Amino acid sequence: MVAEKLDNQIKDKDSKGFLQRFSIKNRIPLRTLLVVPFVLQVVGIVGLVGYVSFKNSQDAVTKAVSELRSEISDRIELHLHDYLKPPHLINQNNAQLMRLGILDLNEPDTIARKFWQQKQIYKDVNIIFLGNEDGGYVGADITNKTTITRNFKAGQLLIYNTEGKGRRFGIPKLTNPNYDARKRPWYEASKNSKRPQWSDIYTYNDGSDIAIAATRPIYNNGKFEGVLAADLSLKQITTFLQKVKVGKTGQVFIVERDGTIIGSSTNEKAYFKKGDKIERLSASNSTSPLISKSVQFLKDKFGSLNNIKETHQLEFELEDKDQLLQVTTFNDKYGLDWLIVIVIPEADFMAQIDENRRNTLLLCLLALVMAIVVSIIMARRISLPVSRLNQAAKDITEGEWEKAETVQGSRIDEVGELANSFKNMTSQLHESFENLEEKNRELERLDKLKDEFLANTSHELRTPLNGMIGLAESII
């Protein structure tokens, strides 16, 4: 009988083996199966997108910083070339005027007026001057005054005020009584090299500035007669560098090969007074950690600043923070050999990236929470009707047909159809069970009548009657 089979199935649960019970205990709930893969998928996708976005942003910033360093370096180089060009051009023009006889070494006043006129055109040039083989000196300076040694020979320096077209007037101011141009470093270097060149960088006697002079030897019929020169203030280079924006806290500076600072974007002076002498500042002794540590890093990296022959983009750490450095060589045909160093803390550019990374992380967490909530809701909407069907099946095994027939549907199409099919099956099964029970009751009634009849019937009629009853039972 069907009812007996269902009872037997319930009893069989207690007789299942260890392996079967173990496998049942390790079954995965439907809700977990729906929630976990969905959440893992969302976490994986969001994490991957966040990582790729961060890496792309980081690569873009690295590329932008690299291009920025190169652009700043190119801008500085261009400015240096433009700024350093006039002194040699002035010397070249004056040498040509002397070859043409327009300027004569025996007419210092004419030379002084010419230098004064040139000084009105080239405002950035500090002094245009000349020294001869007698130790004489003549020049026009930034204050529009002209200076000349007495008799255009070694001796007393005379400083004159000037008026229109550079004509001197008034009583001269007496300065150095023993001036000798032949003993000046710019004169000796140019005489020995026999070609146009830059002098070594020097400080003015009053400590007001550091300068560099463009020099050119003067020859007449192959005979050396003196040196033309024009010097530039290097303070202007520092002024320019201070206007260059290098990230938020980055710095740029220019050094000679021995590490002496020429100019920097800081407010630190490139020279200082030590006792009675004016000395220049070494980059290693700079009060700026970015400058001093950068130079030390370059020395450690290349062994010496003299070994740097081309542009390098490098990284080093300062106080556990990455610093982006570019070193570029700067030289010209007149003997300049400087290094342009640009240092930018990586944090100046990565701050925005770090903020974006935090925002991405927060969005990932928000997406994860929303994914969990949505997946739980969806899993509940799917698993709850299935759970009700499962409970209804258990109610059937307990014989509680009324509960099983009240199974609710679902808005999910497939689950709703399954619930409706289950209800129809339950109704049909319930009806079949009722019919079987009715037939069982009828058989029981007939068995009872048979027993009563046989008890009251003679032995002769019992055998035929048994046969008829058996025939009736088989028909039923």
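Quick note: structure is the one above.
1. With respect to the side chain of histidine 79
Thought 1: Structurally, the position occupied by histidine 79 is in helix H3 (residues 30–99).
Thought 2: Apart from residues lying up to four places away in sequence, histidine 79 is in contact with Gln236 and Phe240.

2. Points about helix H4 (residues 108–121)
Thought 1: Taking 1.5 Å as the rise per residue, H4 with 14 residues should run 20 Å; its terminal C-alpha atoms sit 20 Å apart, in good agreement.
Thought 2: The set of residues buried in H4 consists of Pro108, Ile111, Ala112, Phe115, Trp116, Gln118 and Lys119. Along the axis of H4, the buried positions cluster into a sector of 165°, meaning they face one direction only.

3. Describing the environment of isoleucine 262
Thought 1: Residue placement: isoleucine 262 occurs in strand E11 (residues 261–264).
Thought 2: Each C-alpha atom of the pair isoleucine 262 and tryptophan 338 lies 8.7 Å from the other, and the pair is 76 residues apart in sequence.
Thought 3: Sequence-distant contacts of isoleucine 262, that is, excluding residues within four places in its chain, are made with Ile201, Ile210, Leu234, Ile237, Thr238, Ile254, Val255, Glu256, Ala270, Arg280 and Trp338.

4. Focus: the sheet that holds strand E10 (residues 251–256)
Thought 1: Across the sheet, five strands lie side by side as E11-E10-E16-E15-E14; this open sheet has antiparallel pairing. Among the strands making up the open sheet, the edge pair consists of E11 and strand E14 (312–318). Between one strand axis and the next, the sheet turns by 25° as a mean value, whatever way the strands run.
Thought 2: When E10 meets E11, the two strands line up antiparallel, connected through three bridges. Across the sheet, isoleucine 254 pairs through a bridge with glycine 263, a residue of E11.
Thought 3: Against the sheet, helix H6 (residues 235–243) makes contact with E10, E11 and strand E16 (337–345), and its axis sits at roughly 40° relative to E11, the strand it touches most.
Thought 4: The strands touched by helix H7 (residues 289–302) are E10, E11, E14, strand E15 (321–331) and E16; relative to E14, the strand with the most contacts, the crossing angle is about 115°.

The rules behind each value
Residues numbered from 1 in each chain as written. Predicted model: local features only at pLDDT ≥ 70, side-chain atom pairs only at ≥ 80, totals over all residues. Heavy atoms only, no water. Helix = DSSP H or I, 4+ residues; strand = E, 2+ residues; numbered from the N terminus. Contact = heavy atoms within 4.5 Å. Expected span 1.5 Å × (residues − 1). Buried < 20%, exposed > 50% of the residue type's maximum accessible area, 1.4 Å probe, protein only. Arc of directions from axis to C-beta. Pairing = 2+ DSSP bridges. Axes fitted to C-alpha atoms, helices over the stretch in contact; angles between N-to-C directions.

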